[in-house]
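Summary of the model geometry
As a plain string of letters, each chain reads:
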Amino acid sequence: FPTGGRMLVTLLLGASIALTICGAYYYESFAVNCYGIGAAGMNFGTPGSSVKQFTVFTSFTYIMEQADADETQEVRNGIYVLAYSYIVFAVIIPLLQQVGLLILWTVPLTLRRQKLVFFTIEVLHGWASMPVFLLGLMVSILFFLRCKSR
């Protein structure tokens, strides 16, 4: 590739890393709707409160808030592990994949090191896909318990 093309791809990979971080913080990734009598009661005082929208980081803080002082230390530790593993799988691993691609593109490596970095990226890709299902399940269970308790 010519120098301009290499610089453009490097710039685009850097932009994808920045957009991943901004997207995890600002982009609403999903919403949880509460329906029925419980939703009508929630909307009575504050219209629209039966719908809760989440970004990656707001869902992380919502999970962390579930570890209140009434729980035992074991339950709080489990919630902490759940929340931090979610951040690792939803943000850190995709960022590591993008950094690995940036390394493959910019750093001169031997063929053996290229294969090692590429294999690592592929393994990380398998782990990064799993939390999409688990996050929806986890937050909807937590939100359902909150709707039920009101």
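Each remark here, short or long, concerns the structure printed above.
Attention in this report is confined to the structure presented alongside it. Just so you know, these numbers come straight off a predicted model, no measurement behind them.

Rules used in this analysis
- Residues numbered from 1 in each chain as written.
- Predicted model: local features only at pLDDT ≥ 70, side-chain atom pairs only at ≥ 80, totals over all residues.
- Heavy atoms only, no water.
- Phe/Tyr/Trp six-rings, centres within 6.5 Å; stacked < 30°, edge-to-face > 60°.
- Buried < 20%, exposed > 50% of the residue type's maximum accessible area, 1.4 Å probe, protein only.
- Helix = DSSP H or I, 4+ residues; strand = E, 2+ residues; numbered from the N terminus.
- Arc of directions from axis to C-beta.
- Patch = residues over 30% accessible without salt bridge, like charges linked within 9 Å, V, L, I, M, F, W, Y side chains within 5 Å.
- Areas by Shrake-Rupley, 256 points an atom, 1.4 Å probe, with all protein chains shown as cover.
- Salt bridge = Lys/Arg side-chain N within 4 Å of Asp/Glu carboxyl O.
- Contact = heavy atoms within 4.5 Å.

The subject of this paragraph is the packing of aromatic side chains. Evaluated as defined, the whole model comprises five aromatic pairs. Between Y25 and Y26 the ring centres are 4.7 Å apart and the planes differ by 90°, which places this aromatic pair in the edge-to-face class. For Y26, a relative accessible area of 62% gives the class exposed. An angle of 55° between the planes, with centres 5.7 Å apart, marks the rings of Y25 and F57 as tilted. Taken together, the positions of Y25 in helix α1 (residues 3-26) and F57 in helix α3 (residues 56-65) put the pair 32 residues apart, joining distant regions of the chain.

Further remarks concern α3. Those residues of α3 not exposed but buried are V56, S59, F60, Y62 and I63. End-on view of α3: buried residues confined to an arc of 165°, all on one side of the axis.

Together, L8, L11 and L12 make up an exposed nonpolar region whose accessible area comes to about 310 Å². Looking at where L12 falls in the secondary structure, it is placed in helix α1.

With that out of the way, let us pick up the environment of A128. Here A128 lies in helix α5 (residues 111-128). A relative accessible area of 17% places A128 in the buried class. Taking the C-alpha atoms as reference, A128 lies 9.1 Å from Q97; in sequence the two are 31 residues apart. With near-sequence residues (within four places) excluded, A128 lies in contact with F89, I93, P94 and Q97.

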